[in-house]
Structures are given as C-alpha cells and as structure tokens.
Amino acid sequence: AGMEGSGGDGASRAVGDWRLALWTLCSVLLPVLITAWCSFQRSRRQLLIRDIFRKSKHDWHYTDLFGQPSYCCVCAQHILRGAFCGCCGLRVSERCLKKADQRFLCKEIVMRGPGAAPGSMPHRWIRGNVPLCSCCMVCKQQCGTQPKLCDYRCVWCQYTVHDECMADCLRTEDCTFGEFRDLIIPPYYLSAINQMRKEKRTSYEKVVPYCRKHWMPVIVLANTRSGNNMGETLLAEFKMLLNPVQVFDLSKIAPAKALQLCTLLPCNAVRVLVCGGDGTVGWVLDAIDEMKIKGQEQYIPQVAILPLGTGNDLSNTLGWGAGYAGEVPVEQILRNVMEADGTKLDRWKVQVTNKGYYNLRKPKVFTMNNYFSIGPDALMALNFHAHREKTPSLFSSRIINKAVYFFYGTKDCLVQECKDLNKKVELELDGERIELPNLEGIIVLNIGYWGGGCRLWEGMGDEPYPLARHDDGLLEVVGVHGSFHCAQIQVKLANPVRLGQAHTVRLILKSSKMPMQVDGEPWAQGPCTVTVTHKTRALLLCHAGEQTDDDASSLSE
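Residues numbered from 1 in each chain as written. Predicted model: local features only at pLDDT ≥ 70, side-chain atom pairs only at ≥ 80, totals over all residues. Heavy atoms only, no water.

## Section: the packing of aromatic side chains
How we decide: Pairing of aromatic rings covers Phe, Tyr and Trp, the last through its six-membered ring, and needs centres within 6.5 Å; plane angles under 30 degrees mean stacked, over 60 mean edge-to-face, and all others mean tilted. Secondary structure counts use DSSP, requiring at least four H or I residues in a row for a helix and at least two E residues in a row for a strand, with both numbered from the N terminus. For the exposure calls, accessible area comes from a 1.4 Å probe over protein chains only, and a residue counts as buried if that area is under 20% of its type's maximum, exposed if over 50%, partly exposed in between.
A complete count under the given rule lists four aromatic pairs for this structure. Ring geometry for Tyr189 versus Trp215: centroids 5.1 Å apart, planes at 70°, classification edge-to-face. With Tyr189 in helix H4 (residues 187-198) and Trp215 in the loop between H4 and strand E9 (218-222), this residue pair connects regions lying 26 residues apart in the sequence. Its relative accessible area of 0% is what places Tyr189 among the buried residues. When its relative accessible area of 4% is taken as the criterion, Trp215 is described as buried. When the centroid spacing of 4.7 Å and the interplanar angle of 20° are considered together, the rings of Phe366 and Trp523 count as stacked. Remark: Trp523 occurs in strand E25 (residues 521-525) and Phe366 occurs in strand E14 (residues 364-368); sequence separation between them is 157 residues. For Phe366, a relative accessible area of 25% gives the class partly exposed. Relative accessible area serves as the criterion here: at 11%, Trp523 is assigned to the buried category. Linked through ring pairs, Trp156, Phe177 and Tyr188 together constitute an aromatic cluster.

## Points about the UniProt feature "transmembrane region" (unreviewed entry) in the chain
Quick reminder of the rule: UniProt positions are given in the numbering used here, feature names are shortened, and annotations may be inferred rather than shown by experiment.
Cross-referencing UniProt, the feature "transmembrane region" (unreviewed entry) maps to residues 20-40 in the present numbering. Span residues 20-40 is 100% helix and 0% strand, its end C-alpha atoms 30 Å apart.

## With respect to the confidence of the model for the chain
Definition in use: As a per-residue quantity, pLDDT reports the predictor's confidence and falls between 0 and 100. Whether two residues are in contact is decided by their heavy atoms, any of which lying within 4.5 Å being enough.
In this model, the chain carries a mean pLDDT of 84, and residues with pLDDT of at least 70 account for 88%. Across the chain, E9 holds the top mean pLDDT of 96, while helix H14 (residues 550-556) sits lowest at 37. Long-range and interchain partners of residues 546-557, a stretch whose pLDDT sits below 50, account for 27 contacts in this model, where long-range means more than four residues apart.

## Re the sheet that holds strand E4 (residues 82-85)
Applied cut-off: Any two strands with at least two DSSP-identified bridges between them are counted as paired.
Reading across the sheet, the three strands line up as E1-E4-E5 and stay open at both edges, with antiparallel pairing between neighbours. At either margin of the open sheet sits one strand with a lone partner, and together these are strand E1 (60-63) and strand E5 (91-92).

## So, the pattern of salt bridges
Let me state the cut-off plainly: Any Lys or Arg side-chain nitrogen located within 4 Å of an Asp or Glu carboxyl oxygen qualifies as a salt bridge.
Per the stated rule, a full pass over the model turns up 13 salt bridges. Measuring nitrogen to oxygen at the nearest pair gives 3.7 Å for the salt bridge that ties Asp289 to Lys292. In this pair, Asp289 and Lys292 are both assigned in helix H7 (residues 278-293), three residues apart and thus about one turn of the helix distant. Here Asp289 falls in the buried class, since its relative accessible area comes to 12%. Bridged by salt links that share partners, the residues Asp286, Asp289, Lys292 and Arg347 form one connected network.

## A closer look at the layout of surface pockets
To be explicit about the condition: A pocket, in this scheme, is an open set of points on a 1 Å grid over the protein atoms alone with protein on both sides within 12 Å along at least 5 of 7 lines, while a cavity is a set where a 1.4 Å probe fits but cannot get out; residues line either one if an atom lies within 4 Å of a point. Grid points are joined across faces, edges and corners, and a volume is the space filled by probe spheres set on the points. Polar here means any residue other than Ala, Val, Leu, Ile, Met, Phe, Trp, Tyr, Cys and Pro, which are nonpolar, and Asp, Glu, Lys and Arg, which are charged; Gly is therefore polar.
Considered as a void within the structure, the second largest pocket measures approximately 1100 Å³ in volume. Looking at the second largest pocket, it is lined by 39 residues, and the ones nearest its centre are Pro131, Glu237, Met240, Leu241 and Glu331. Among the elements of the structure, E4, helix H5 (231-241) and helix H9 (330-339) are those that each provide at least two residues to the lining of the second largest pocket. When residues of the lining of the second largest pocket are assigned to their parent elements, the largest contribution, six residues, is made by H5. Per-class residue counts for the lining of the second largest pocket are 20 nonpolar, 11 polar and eight charged.

## Some points on the sheet that holds strand E8 (residues 160-161)
The strands that make up a sheet are held in pairs by hydrogen bonds between backbone atoms, and each pair lies either parallel or antiparallel. As summarised here, the arrangement of the three strands in space is E6-E7-E8, forming an open sheet in which the pairing is antiparallel. Strands with a single pairing partner mark the edges of an open sheet, and in this sheet they are strand E6 (125-127) and E8. With three bridges connecting them, E6 and strand E7 (residues 152-154) associate as antiparallel partners. Looking at E7, one finds that Arg127 is bridged to Tyr152.

## A look at the pairing of strand E12 (residues 302-307)
Inclusion rule: Looking down the strands as they point away from you, a crossover is right-handed if its path from the first strand over the helix to the second goes clockwise.
For E12, the buried fraction is high: five of the six residues fall into the buried class. At this point the chain moves from strand E11 (residues 271-276), through H7, to the parallel E12, and the crossover so formed is right-handed.

## Considerations on the packing of H5 against H9
Each packed pair of helices is defined by two parameters, the angle between the axes and the distance between the axes. This is how the line gets drawn: Angular values range over 0 to 180 degrees, each being the angle between N-to-C directions of two axes fitted as lines to C-alpha atoms, with helices fitted over their stretch in contact. In these notes the angle categories are as follows: under 35 degrees is roughly parallel, over 145 is roughly antiparallel, 65 to 115 is roughly perpendicular, and the rest is oblique. Crossing handedness is defined as follows: a turn of the near helix away from the far one that is anticlockwise and smaller than a right angle gives a left-handed crossing, while the clockwise case is right-handed.
As a packed pair, H5 and H9 sit with axes 10 Å apart at the nearest point and diverge in direction by 70°. One element, H5, and the other, H9, form an angle in the roughly perpendicular class. With respect to the hand of their crossing, H5 and H9 are arranged in right-handed fashion. Here Leu234, Glu237, Phe238 and Leu241 of H5 lie close against H9, whose contacting residues are Val330, Glu331, Ile333 and Leu334. Taken together, the residues that form the contact of H5 with H9 break down as six nonpolar, no polar and two charged.

## A look at a nonpolar patch on the surface
Defined as follows: Residues enter patches when they are more than 30% accessible in relative terms and free of salt bridges; like-charged ones are connected within 9 Å and nonpolar ones (Val, Leu, Ile, Met, Phe, Trp, Tyr) within 5 Å. In short, Shrake-Rupley with a 1.4 Å probe defines the accessible areas, and a residue's cover is counted only from the protein chains shown.
On the surface, Leu25, Leu29 and Leu33 cluster together into a nonpolar patch covering about 290 Å² of accessible area. In this fold, Leu25 is placed in helix H1 (residues 2-55). Here Leu25 falls in the partly exposed class, since its relative accessible area comes to 47%.

What follows is the structure, encoded as structure tokens:
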C-alpha cells in the first residue's frame, strides 16, 4: 500500500510538471505569436497602403501626427495620424484611405472633357480641414472654428466658405485662382496647348491666359537633398498653391527636362524658383545654357533662389538670404518672387591644364558663378567633402555642416598645410604679373559674399574700395594669410590682401599638390595652369528686401 501511494504521488507530480511546462510554453509562445501576427498584419497593411499610394492620382503622404486638428474626409472622425494629399489637401484615416482615393478627385493639372469654356473653370471645393485663421469669402468671418469636419476650401484659389454660406452659385462660379493667379498655369491653358500641338499649331499667344498682361508663370525646382532636408515639405506646399505640373523634384527629374515646360509658356515671362544650395542653382543655370545652345533663347526664364544649402553665398548676394529654415510662409516666398527685379550674373569659364600633359590630357573645364580659390578654404572644403562621403547620414543639418567646417578650419590654423603659397604660384591679372606677398591662399571672387555670409572684398569697410559687383564683367582677386586670417575677416577684424580686379585671371601652380575649389566643389591639384575667362551672363531675380545682417551672420559662424 505504501509503494502504491508513493507511485500515485510520483504520477501526480509528473502530471503537475507537465502542466507547468505546458503553461510556461504557452506563456512564452502566446506573446510571440501575437507579436508575429500583429507584425504580419502591419506589414500587410503597409503593403496595401503603398500599393494605393503607387496607383493613386493623389499625391498621398503618410504622417504619424498631423500638425493641426484634423478630421477624416470620409468618416468625419477626429484623427491624429493618417494620410494627406500634397496637392489637394485631403486628410484621411488609414482605414478610409481606399474609399477616399476612389471617391475624391485630386487637382487636375490638365482640364479634360469638352464641356469647359475656354479661359475659365469652376471652383474645386474640398470639405473640411481648412487652414487656420482663414476667413469666409462670403461673410468674412473666421472658418474652421468648430471641432468637426466643416467648411469648404477651393484647391485653386484657396478661398474658404462656411457650410451655411455655401450656395449653389458658388459651386458653379468661375474660379479666379486667387492671389497667385499670375503665377499659376491653369489646367484649361495646358489642355488648349495640347490640342494645338496635336493640330501642329504653335500660335500659343492667342490662348488665354497667354495674352494676359501681367501673367508670369513660375516653375519650382526643388532639390530634396540640399542642406536641412526641407525640400519634401516645400514640394507639398508649392503643389497646394500652384498647379502640380509646375513643381519638380530635382532628385527625380533633371533641370534640363523640367525647363522644357518654358517652351509652352510666354517668351521672356517665365520665372524659375530654385529651392536648394548654390550647387543646385549652378546646375539649373547650366541647363539654361543648354537651352541657348538648342536655339531656345526666347524662352530663357529668370531665376529666383530659396536657399536650402550650407553656404548660400549667391542667394545672399541677390538678397534672398543666407538660409531658409521655414521661418517665412510659402505664400510670402511666392509674393517675393512676383515682386523681384531682374538682374544679370556673370558666369566664368575655369580651365585647368595639367603641366606636362598638354597633348595627352584634355584640360578640366568648370563653370564658375561664385568664386575660385586655392589654399586653406579649399582645403576645408576638400576635408568636409571627404568626411561627408564616408558618413553622409551625419550631414543632414546646416548647423552640423558648419561645425565640421569650423573643426577643419581650426585644425588648419595649427597645421598650416598651405603655407608659402606665394613661392609655389604665379598670378597674372589681364596679362600683367602680380608680385605676391607671403600668402597661404588666393581667392577669385565673382559675387559679393563668400564663406557663408562674409563680404570678403570690402573686409572691414574702412578703406575706399569699390563694391564688388556680379554683373560688371570684373573679377576681384584677394589673398589670405591662413585660416585664422579668414576667421578675422569674417568677424570684420581684418582686411584681405587685395591683389586687384581683372577681366581675365591666370594662375600657374609651379610645384607640389594644392587644394583648389570652384563654387564649393574641391579637388587636390598638381602642377597646372588655371585660366579664368568670361563665359556668359545669366538672368536672375534680385529680392529688394533686407539682406542678411553680415555682422550677425559672421558672429554666428
């Protein structure tokens, strides 16, 4: 009996152990299975969303948090996250995305169908999520004040109307395209042009609004990889205010292709807004030069700049500021483009011929808009670019970029890698040889600003030198004693070594390898001859507003 009792206890303990093991296994496996199932459902949902985004005519973007109180345009529920269209402004929850994509039309870039009258089109109303502080076009009272999906906004003229003020006449009334009517390319214009091209007619000047007196259509070219990565946000905002066909992402389409839109628009009236750094502006100006070669000179646009890069010296020279960080509304930027005055920019050809290889190697040819230099500032740019190529993810902010420049400038103050430059080079200005003092760097300037906001030629401003101009066919040539001297000039504690002004500059590097740069693009160069000659002139737009305070800009450096 005792043995039977002990056997029963052992069996019950074994069953208890199995139960414990089973419950332990369940407690471990169940969360894993739930997590795996949720992960599978999430990835499946994301694939479905991406598929809708890819096939849709809307410009859908997903956000984890809307920047203002938002309501789904389908179910009218309050939403914190979801999708929004960068063109028409629709906002929708994740579960209603498919319905919204099927139910609502986006902005039509080209008017379709024979029913529309030439030269006009009705309002295109979207309900709910109107901009904050917008006023009703009928009663002039504030819209969007109720905590629900309410009121209407026209995606073209941006006018807003209360639900109770919306009348049948407003639904069929012709849209005026609002404040930016002179910048927008209307859909009915493009449909008329398409029809004329099919009929092989080119008398575009008869099409409304081609014959409108003050029409100056704008083309926006944004580099989403420039500076502080604001390009994506700006693209969506410009598409909301303009016709999406006017807005191009330069990471997806080359400027030369985008600028062919100019050939469908009035001669000498188109304005181009380049959102990017000085390198992006140079890229666009090169594409405009290609238009001249193709015989499209009558379609050449004037170029305005929205500075998104690190240096932005050309933008600063033309009054567009030293950098954009979202502090100015996009509407004000468009107003500035409308009000800007035309100016010209000299563009220069920089030819680098290697010594001893005249018959074997073709000379390197660059186009210069801002400046050419040899010495410490080129060395800083060379080190910066080498560092950025190794770890590009670190260089997503303008502040970080300038901090890296500061580090390499401080390092050069101690090492002095470019000393005794005057013994290694010969300089000729308009064919006349210049006797060089003891220098570490030579800078050839085309524009007023240099080094991220410093007026290098004027220096401290205590000596009566003529102001540097970008349209006089002259280059300003200065020397610097080193990185520390450059820093002193930036905070107006020293003057540069002014070597002269010239129409043609020739520099001969006799020995050793030295860093050189053209408009921020650096390289290490062996013995060579560098010749800078006038190439062409570009049409740009100059903002008449206040320029960046040079003192504040320099001190912030």
